[in-house]
Each structure stands twice: as structure tokens, then as C-alpha cells.
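Residue-level listing of the chains:
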Amino acid sequence: MLVTFSTPAYADITMFGDVAAHLLKLMGHSGTIPSALLAEDVPAALQRLQAAVDANPDEPAPSKHEDDEDDGEAAVTLRHRAMPLIELLKSAARDEVNVMWDKN
């Protein structure tokens, strides 16, 4: 499953469902897909996500895909997986707009 995050203030971002659900939970959300954040809730969600990433920047992001193979490559970190969503949330907070996400 793929999940797309959208807001009028930023380009849409699509990520794997397990990663999206994990990031949503770090934001303090239930992880429900589809759902949304009201504009007034975006700054608090952004702050929680940034705090979680800052506390564990090198933590591997969740990955449960059948095509994943252990080929000796380093895992993608939580910081790198969260970066696009953090930028989207920053833009939404700045412009005071809602953020939505849905399955693709």
C-alpha cells in the first residue's frame, strides 16, 4: 500500500504505508489512513515528529516489503524517511492549512 500526504502549501508526498503509519503515530495520530490534520493541529504534530526523529535520528525506518533483501546496504534511517513529511508539515504550518493523507 502507498500513502499520499497532501496540503495546498506543498507538493504531494507518497510513501509506503508502513512507513507512513509509523510517522503518523510519531506525530501523535492514531495512524488511521485515510485521515487529516486540521491547520491548528499541524504545529503540534510537527513538533512531536521532529522530537521523535531528533531523539532517534539513526533508527532504521520500518520496512516490511517482500522485495527487501539484506544485500549489505545500510538501512534508510528514520530521519531520511521523515524529512519530506517534516518539510510538508512546516509548509502547512507556515501557511496555516490542513494536511490530508489517503491510500493510493
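The structure under discussion appears in the preceding block.
From a predicted model like this one, the values you see are computed outputs, not experimental measurements. (Residues numbered from 1 in each chain as written. Predicted model: local features only at pLDDT ≥ 70, side-chain atom pairs only at ≥ 80, totals over all residues. Heavy atoms only, no water.)

K.L.:
Would you mind going over the nonpolar core with me for this structure?
P.N.:
For soluble globular proteins, the rule of thumb is that nonpolar side chains tend to be buried together. Among the nonpolar cores identified, the biggest contains 28 residues, and Phe5, Leu85 and Leu89 are the most heavily contacted of them. Elements that contribute at least two residues to this core include exactly strand S1 (2-7), strand S2 (10-16), helix H1 (17-26), helix H2 (42-55), helix H3 (78-95) and strand S4 (99-103). With 7 residues, H3 is the largest single contributor of residues to this core. (Core = buried A, V, L, I, M, F, W, Y, C linked by side-chain atoms within 4.5 Å. Buried < 20%, exposed > 50% of the residue type's maximum accessible area, 1.4 Å probe, protein only. Helix = DSSP H or I, 4+ residues; strand = E, 2+ residues; numbered from the N terminus.)

K.L.:
Please explain the environment of lysine 25 as it appears in this structure.
P.N.:
Structurally, the position occupied by lysine 25 is in helix H1. By relative accessible area, which is 53% here, lysine 25 ends up exposed. The residues touching lysine 25, leaving out its near neighbours within four places in the chain, are Ser30 and Gly31. (Contact = heavy atoms within 4.5 Å.)

K.L.:
Where do I start with the environment of valine 76 in this structure?
P.N.:
Looking at the secondary structure, you find valine 76 in the loop between H2 and H3. A relative accessible area of 38% means that valine 76 is categorised as partly exposed. In contact with valine 76, not counting residues within four places along its chain, are Glu59, Pro60, Ala61 and Arg81.

K.L.:
How should the sheet that holds strand S3 (residues 35-37) be read in this particular structure?
P.N.:
By way of backbone hydrogen bonds, the strands of a sheet pair with one another, either parallel or antiparallel. One open sheet holds the 4 strands; their spatial order is S2-S1-S4-S3, and the pairing between them is antiparallel. Looking at which strands have only one partner, the edges of the open sheet turn out to be S2 and S3. Pairs of neighbouring strands in the sheet enclose a mean axial angle of 20°, with direction left out of account. The sheet contact formed by S1 and S2 spans 5 bridges and is antiparallel. Across the sheet, valine 3 pairs through a bridge with methionine 15, a residue of S2. (Pairing = 2+ DSSP bridges. Axes fitted to C-alpha atoms, helices over the stretch in contact; angles between N-to-C directions.)

K.L.:
Help me understand the pairing of S4, please; the structure alone is not making it clear to me.
P.N.:
Residues in a regular strand project their side chains so that they alternate between the two faces of the sheet. Of the strand pairs in this sheet, S1 and S4 are connected by 4 bridges, and their pairing is antiparallel. Bridge pairing links serine 6 to methionine 100 in S4. In this sheet, S4 lies alongside S3 in antiparallel orientation, the contact comprising 3 bridges. Paired with serine 35 across the two strands is tryptophan 101, which belongs to S4.

K.L.:
What is the right way to look at unusual backbone geometry in this model?
P.N.:
What is expected of a backbone is that most residues other than glycine have negative phi and most peptide bonds are trans. Omega for the bond connecting isoleucine 33 with proline 34 falls within 30 degrees of zero, at 5°, which places this linkage in the cis form. Considering the arrangement of structural elements, one finds proline 34 in the loop between H1 and S3. The residue glutamate 96 is not glycine, and still its phi comes out positive at about 55°. Classification of glutamate 96 as exposed rests on a relative accessible area of 64%.

K.L.:
Got a minute to help me understand the packing of H1 against H3 in this structure?
P.N.:
Any two packed helices are characterised by how steeply their axes cross, that is the angle between the axes, and by the distance between the axes. Following both chains from N to C, one finds H1 and H3 inclined at 80°, their axes separated by 11 Å at the closest point. Of the possible angle classes, the one that applies to H1 and H3 is roughly perpendicular. Along the contact surface, H1 presents Val19, His22, Leu23 and Leu26, while H3 presents Leu78, Arg81, Ala82 and Leu85. Its residues assigned to classes, the contact of H1 with H3 comprises 6 nonpolar, 1 polar and 1 charged. (Parallel < 35°, antiparallel > 145°, perpendicular 65-115°, else oblique. Nonpolar A, V, L, I, M, F, W, Y, C, P; charged D, E, K, R; others polar.)

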